[in-house]
Amino acid sequence: MNNLKLKVAKFIRSQQLLSADGLHLVALSGGADSVALMLVLKALGYRIEAVHCNFHLRGEESDRDEQFVKRLSNRENIPLHLIHFDTREYAALHQVSIEMAARDLRYHYFSQLLEDIGADTVCVAHHRDDAVETLLMNLLRGAGIHGLTGIRPRNRHVVRPLLCVSRKEILLALKGIGQEYVTDSSNLETEVLRNKIRLQLIPLLEQLNPSASENIFRTTFFLSEAEKVYNANFKAPGNNLSISSLLEFPSPLSLLHEWLSPLGFNRTQMFEILESSISGTSGKEFNSSTHTLVIDRDTIFVEQIKPPMKPFIIPETGLYNIDETRSLRVSILNNSNDISREPYICTIDADKVKFPLTLRPVRQGDRFVPFGMNGTKLISDFLTDKKLPLIKKSHQLLVADVTGLIVWVVGLRTSNICRVTSSTSFILKIEIK
């Protein structure tokens, strides 16, 4: 146990994981890793309290683990926090996997307990082999650089002091002091990908090279350091990116990956987006489950998919809330000189407009007479002339009166039919904020 203790102490110092005078929670499942973690931290003199979650997923095994943890904590004179979860009900209610449900419940409880008792960190027992398994899993799934950095020593208040040691070292240390632990039978099921990697792939790699796990773990460290350089030189675009900026970036595909992966776009789409950008293909549209991307001339635009706005009826003058962020005010002015040129204020001849008015998105085939013209024009052509991006075109609003007369293409142009003239008696003012 002394060798394990020295390694962990050095790792804690190098990564600045634990404060000497703080209170630290230890996630204690009863398995070998968590038992070793608790005993090592106690031996190093840290002030610790244990926490055990019973997820009621393995019947008698779950109850056996709970009883073991109680006896061990009592023997070591370490305070124990114990909680029970109905994990299956939570998973069904939130429509997530059992694994995800257990994770959500566990970490939510940890966060609440940290706050309640004033603890600094939650120590979890991930070790070097776990980091190697995570890297191999992500490698098989085709992860980018972030997925190949394994498990981090710290993730906000969650720390992993055992990342510097292997599972074999942990078992040898426990055997050396005659310390028992419990075994989770689900970790032996080879149907689970992680277990297949642990029980089949890693032993095979270690037959080829006995230092395979250690070397792979060292690679995760180098990748973590490279990630810091990568992050320092990367700034995510907002909702648009010029194609010239994309193609001038040292790795355009990496830029697209970092920008678009969180928005749900897949790798195949990113290759197609890059190809279209290089070839100068304009008007191409790509969709994820939550966002739309359009290549429009020399710019890539991304916007969250929103349900189309329903027609909003304006029966008379007054103040209206269109939605949570926008309001509309309609008023009558008797000063014929009070004409606004603000894009979101429309001033027209009140006598040429009939209530109720309707605020709605532009539809295919909509036509109006733009201010300063005599003939009608398709609004779609008008928007093209204004060089509006395709995404903005799809959300363009207009105001029409009860006869169907389009009096205002919002933010862009009023109708010439109801323009204010020297004979205008009253002005209808429509303002959107």
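Residues numbered from 1 in each chain as written. Predicted model: local features only at pLDDT ≥ 70, side-chain atom pairs only at ≥ 80, totals over all residues. Heavy atoms only, no water.

> I'd like a description of the overall build of the chain, backed by residues and values.
Looking only at helices and strands, one finds 14 helices and 21 strands in the chain. A compact globule built from 433 residues would reach a C-alpha radius of gyration of about 22 Å, whereas the chain, at 32 Å, exceeds it by more than 25%. Taken along its principal axes, the extent of the C-alpha atoms in the chain is 100 × 50 × 40 Å. Out of the 433 residues in the chain, the part that is buried amounts to 44%. When contacts within the chain are restricted to residue pairs at least 6 apart in sequence, long-range pairs at least 24 apart make up 67% of them. Carbon and sulfur atoms provide 51% of the accessible area of the chain, an area that totals close to 23700 Å². Charged side chains in the chain number 51 positive and 48 negative. The centres of these two groups are separated by 4 Å. (Helix = DSSP H or I, 4+ residues; strand = E, 2+ residues; numbered from the N terminus. Rg over C-alpha atoms; globule rule 2.2 N^0.38 Å. Buried < 20%, exposed > 50% of the residue type's maximum accessible area, 1.4 Å probe, protein only. Contact = heavy atoms within 4.5 Å. Areas by Shrake-Rupley, 256 points an atom, 1.4 Å probe, with all protein chains shown as cover. Lys, Arg positive; Asp, Glu negative; His and termini not counted. Charge placed at Lys NZ, Arg CZ, Asp CG, Glu CD.)

> Tell me about the side chain of Asp366, residues and numbers included.
Here Asp366 is to be found in the loop between strand 15 (357–361) and strand 16 (367–368). Side chain to side chain, Asp366 and Arg360 meet in a polar contact 2.9 Å long. When neighbours within four sequence positions are excluded, Asp366 is seen to be in contact with Arg360, Pro361, Lys377, Leu378, Ile379, Leu398 and Ile406. (Polar contact = N/O pair within 3.5 Å; in protein donor to acceptor, adjacent residues only side chain to side chain.)

> An account of the pattern of salt bridges is requested, with residue identities and associated values reported.
Scanning the entire structure with this criterion turns up 19 salt bridges. One salt bridge connects Arg167 with Asp33, and the closest N-O pair in it is separated by 2.7 Å. On the criterion of sequence distance, the pair formed by Arg167 in helix 7 (residues 167–176) and Asp33 in helix 2 (residues 32–43) is long-range, its members being 134 residues apart. Of the charged contacts in the structure, one is a salt bridge between Glu227 and Arg152, with a shortest N-O distance of 3.0 Å. Here the residue Glu227 occupies a position in helix 9 (residues 212–232), and Arg152 occupies one in the loop between helix 6 (128–141) and strand 5 (154–155), the gap between them amounting to 75 residues. Here the salt bridges do not stand alone but share partners, grouping Arg58, Glu61, Arg64 and Asp65 into one network. (Salt bridge = Lys/Arg side-chain N within 4 Å of Asp/Glu carboxyl O.)

> Account for the environment of Thr376, with residues named and values stated.
Tracing the backbone shows Thr376 in the loop between strand 16 and strand 17 (377–378). Note on Thr376: relative accessible area 49%, which makes it partly exposed. For the pair Thr376 and Asp366, spaced 10 residues apart in the sequence, the C-alpha separation amounts to 9.9 Å. Once you skip the residues sitting within four places of it in the chain, Thr376 turns out to touch Arg367, Phe368 and Val369.

> Hey, could you go over the nonpolar core for me, with residue numbers and the actual values?
Core analysis: the largest hydrophobic core is formed by 45 residues, its most contacted members being Leu4, Val8, Leu18, Met38 and Leu41. Those elements giving two or more residues to this core turn out to be helix 1 (2–15), helix 2, strand 2 (47–54), helix 3 (60–75), helix 6, helix 7, helix 8 (193–208) and helix 9. Of all the elements, helix 2 adds the most residues to this core, at eight residues. Setting aside anything within four residues of it in sequence, one finds Leu41 in contact with Ile12, Leu18, Val26, Tyr46, Ile48 and Cys123. (Core = buried A, V, L, I, M, F, W, Y, C linked by side-chain atoms within 4.5 Å.)

> For the sheet that holds strand 11 (residues 312–314), give the residues involved together with the corresponding values.
The sheet built from five strands is open, its strands ordered 11-15-18-19-20 with antiparallel pairing. At either end of the open sheet lies a strand with only one pairing partner, and these are strand 11 and strand 20 (413–414). Relative to strand 18 (residues 397–400), strand 15 is paired through four bridges, and the arrangement is antiparallel. Its bridge partner being in strand 18, Pro361 is matched across the sheet by Leu397. (Pairing = 2+ DSSP bridges.)

> Run through the packing of aromatic side chains, naming residues and quoting values.
Using the criterion set out here, one finds six aromatic pairs in the structure. Considering the side-chain rings of Phe312 and Tyr320, the 6.1 Å spacing of their centres and the 85° angle between planes classify their relative orientation as edge-to-face. Of the two residues examined, Phe312 and Tyr320, each falls in the buried class. (Phe/Tyr/Trp six-rings, centres within 6.5 Å; stacked < 30°, edge-to-face > 60°.)

> Outline the side chain of Asp65, supporting the account with residue identities and numerical values.
One can find Asp65 in helix 3. With a relative accessible area of 4%, Asp65 lands in the buried category. Those residues in contact with Asp65 that lie beyond four places of it in its chain are Ser29, His52, Arg58 and Val182.

> Account for the sheet that holds strand 3 (residues 80–84), with residues named and values stated.
Taken in spatial order, the six strands line up as 3-2-1-4-6-5 in an open sheet, and their pairing is mixed. In this open sheet, the two edge strands, each paired with only one partner strand, are strand 3 and strand 5. Where strand 1 (residues 23–27) meets strand 4 (residues 121–123), three bridges bridge the pair, whose relative direction is parallel. Note on strand 4: the bridge partner recorded for Val26 is Cys123. Those strands touched by helix 2 are strand 1, strand 2 and strand 4, and its axis lies near 160° from that of strand 1. Against the sheet, helix 5 (residues 98–117) touches strand 1, strand 2, strand 3, strand 4 and strand 6 (158–159), its axis set at about 145° to strand 2. (Axes fitted to C-alpha atoms, helices over the stretch in contact; angles between N-to-C directions.)

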